[in-house]
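Geometric and topological summary
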Amino acid sequence: MPDITPDVVSHLANLARIALTEDEIARLTGELEQIVESVAKVTAVATPDVPATSHPIPLGTVTRPDVVGVTLTTEQALAGAPASEAGQFKVASILGEEQ
Amino acid sequence: MSLDLIRSSAADVAAALEAREVSSVEVTQAHLDRIAAVDGAVHAYLHVASDALDVARSIDERRAAGEQLAPLAGVPVAIKDVLCTVDMPSTAGSKILEGWVPPYDATVVARMRAAGLVPLGKTNMDEFAMGSSTEHSAYGNTHNPWDLDRIPGGSGGGSAAAVAAFEAPLALGSDTGGSIRQPAAVTGSVGMKPTYGGVSRYGAIALASSLDQVGPVTRTVLDAGLLHDVIGGHDPRDSTSIPDAWPSFADAARAGLRGEGLKGLRVGVVTELSQESQGFQAGVLQRFRESLALLEAQGAEIVEVSAPSFEYAIAAYYLILPAEASSNLAKFDSVRFGLRVDVPGGTVEDVMAATREQGFGPEVKRRIILGTYALSAGYYDAYYGSAQKVRTLIQRDFDAAFAQVDVLATPSAPTTAFPLGSKVDDPLAMYLNDLTTIPANLAGVPGISIPAGLAPEDGLPVGIQFMAPVREDARLYTVAAGLEALLEQQWGGPLLAQAPAL
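Quick caveat: nothing in here was measured; it's all calculated off a predicted structure. (Residues numbered from 1 in each chain as written. Chains lettered and ligands numbered in written order. Predicted model: local features only at pLDDT ≥ 70, side-chain atom pairs only at ≥ 80, totals over all residues.)

So, about the interface of chain A and chain B. Listed as interface residues are 48 residues of chain A and, on the opposing side, 56 residues of chain B. At the level of elements, α1 (6–15), α2 (22–39) and α3 (74–78) of chain A are the ones that each hand at least two residues to the side of chain A that touches chain B. The element that contributes the greatest number of residues to the side of chain A that touches chain B is α2 of chain A, accounting for eight residues. A per-class count over the side of chain A that touches chain B returns 33 nonpolar, ten polar and five charged. (Contact = placed C-beta atoms within 7 Å. Helix = DSSP H or I, 4+ residues; strand = E, 2+ residues; numbered from the N terminus. Nonpolar A, V, L, I, M, F, W, Y, C, P; charged D, E, K, R; others polar.)

All names here are of chain A. Contact geometry for α1 and α2: axes closest at 9 Å, N-to-C directions at 105°. Viewed along their axes, α1 and α2 adopt a mutual orientation that is roughly perpendicular. Judged by residue contacts, Pro6, Val9, Ser10 and Ala13 of α1 engage Ile25, Ala26, Leu28, Thr29 and Leu32 from α2. (Axes fitted to C-alpha atoms, helices over the stretch in contact; angles between N-to-C directions. Parallel < 35°, antiparallel > 145°, perpendicular 65-115°, else oblique.)

Moving on to the environment of valine 101 of chain B. Residue and element names in this part refer to chain B. Residue position: valine 101 is located in the loop between β2 (76–80) and α4 (107–114). Residue valine 101 is classed as partly exposed on the basis of its 16 C-beta neighbours within 10 Å. For the pair valine 101 and threonine 271, spaced 170 residues apart in the sequence, the C-alpha separation amounts to 47 Å. (Buried ≥ 20, exposed ≤ 12 C-beta atoms within 10 Å, placed from the backbone.)

Here we take up the sheet that holds strand β3 (residues 118–123) of chain B. In sheet architecture, strand pairing relies on hydrogen bonds along the backbone and comes in two forms, parallel and antiparallel. Residue and element names in this part refer to chain B. Pairing is mixed across the open sheet formed by eleven strands, whose spatial order is β1-β3-β2-β4-β6-β5-β10-β11-β9-β7-β8. With one partner strand each, in any of the chains shown, β1 (45–48) and β8 (301–305) form the two edges of the open sheet. Here the strands of the sheet are splayed against their neighbours by 30° on average, with no regard to which way each runs. Pairing analysis gives four bridges linking strand β9 (residues 407–411) to strand β11 (residues 461–467), with the strands arranged antiparallel. Across the sheet, the residue bridging to alanine 409 is phenylalanine 466, located in β11. Sitting on the sheet, helix α16 (residues 473–491) is in contact with β9, β10 (447–454) and β11, with an inclination near 10° to β10. (Pairing = 2+ DSSP bridges.)

Residue and element names in this part refer to chain B. With 186 residues, the main nonpolar core has Val77, Ala316, Leu319, Val407, Phe466 and Ala480 as its most contacted residues. When residues of this core are assigned to their parent elements, the largest contribution, eleven residues, is made by helix α10 (residues 313–328). Apart from residues lying up to four places away in sequence, alanine 480 is in contact with Val221, Gly256, Ile448, Ile450 and Phe466. (Core = buried A, V, L, I, M, F, W, Y, C linked by C-beta atoms within 7 Å.)

A word on helix α5 (residues 157–164) of chain B. Among the eight residues in α5 of chain B, eight count as buried, and that is most of the element. Every buried residue of α5 of chain B is listed here: Gly157, Gly158, Ser159, Ala160, Ala161, Ala162, Val163 and Ala164 of chain B.

The next point concerns helix α12 (residues 362–374) of chain B. The terminal C-alpha atoms of α12 of chain B lie 18 Å apart, and with 13 residues this matches the ideal 18 Å at 1.5 Å per residue to within 8%. Among the 13 residues that make up α12 of chain B, ten are buried, leaving the element largely enclosed by the rest of the structure. Looking at α12 of chain B, one finds that the buried residues are Val364, Arg366, Arg367, Ile368, Ile369, Leu370, Gly371, Thr372, Tyr373 and Ala374 of chain B. Structurally, α12 of chain B contributes buried residues whose contacts are with α1 and α2 of chain A together with α10, α13 (381–402) and α14 (427–431) of chain B. (Expected span 1.5 Å × (residues − 1).)

Dropping the structure here:
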């Protein structure tokens, strides 16, 4: 059983782009340990001879004719954005000063 | 005119509308009045449509002009807030989407509008459908109409409470691990999770894409069939949508109401989901067994079947769901829609992290972190990979069971509605509420929950669930309607007639 430490949770939060507080990291460390311990029972029956199922009903790759369909206008696509300019989504700088 | 506008079934309201004994404006107004009277106490709705009466009036005008309308035209419907609606906010119960009005309708919503149904509003839910009590909504919990101090189930507690409190005759839900069926069970209503791919998910805000399914939430089996007929069928906009033609589910329910389908029916009782030692409340098992006895008396054969891998279903589910959710919820990034928390001098990454910290509630964070863990290098094979193998084993258990029986029966939930606040801080205890519903999602098979009576010890509703092989949704409607008719004969009317006045 791998150890779930505050450092592990902090790393996961960074990967998931959630700026957790110290309190949240502490609480999640305990909760995650319990949950992982409980769900780890799947390894008991997942023997090498059992194939994995990713999808309940097998369907082939679905394609459609390569023709223009009904799509959103630029205005509709931008309508819910927190900020936009010149027909584009507007965000803070991508790179920090040290980069 | 003797029709009770809010307590009648959607089928009866539709017949009265068709016969012009009543107008859609009258029916819609009656529901808006009911919402105004009781929703302060129930809190089933997050948003009430401002134009419902206008929509109703246009249906009345079309009918008056002699237009031939679809069977449910003019009947009001409530919509779970996970479904996109162009004219109402769609938040999925999350602060990160507060006030967001989508630029398109979910396919199921578009189909209901085309069939002339009248949207009443959007119903409350656990944030991004993560929960079994609706207590994880960012907008306050919904109350169970049978006892306002108890949970209405979840994640679709709002839709279930809306129909149970007569605030809507019909509602839409979504079911990833039981979010339609478990709320139905604890509120004395009917909830159907169709075969995976049977109903379009286009415009349903995704939780776990290999599990999610949209379906009807109603007070009768026939009403669920009528609504399923409107929303179901192939949708080219959902690549997981099954292209097959489907029979009429309303007709399947009517066959059940006529008493067809029970004689000779083989009903499987799952050994692993029917014992008190597995956490089932005594009154839940009592009503479950009484329902089986009723079926047996009509010529059904009760067969005990074993599904040994079901024991691992919750564990597999709480790896697969968080893994898929952590990926699906990456789209809430402060760029294209929803909340943005400004970080002075910060990069877009800082803004994303601050936004997601403020916009997501505790259960959503818990599951995203768990999913990120399950998918991370070094653990992927042990956790996510093993969970996918368990999924195969569970499908094999279903295949073996359906080689012996026509339908499987289980209690819909291990207990009746529990008190608000009693499990909200204990994630593992909360996850156990979906013990009986999760296997169907993992295997993609359809499942329906209908009321089976009140538990003697607490007087609260108990649900019985039926499951059928993939694509055999019609069989569920026939069997469930058959049992519903037998039970209502015993009760002298619908179970919800026994609910306390609000």
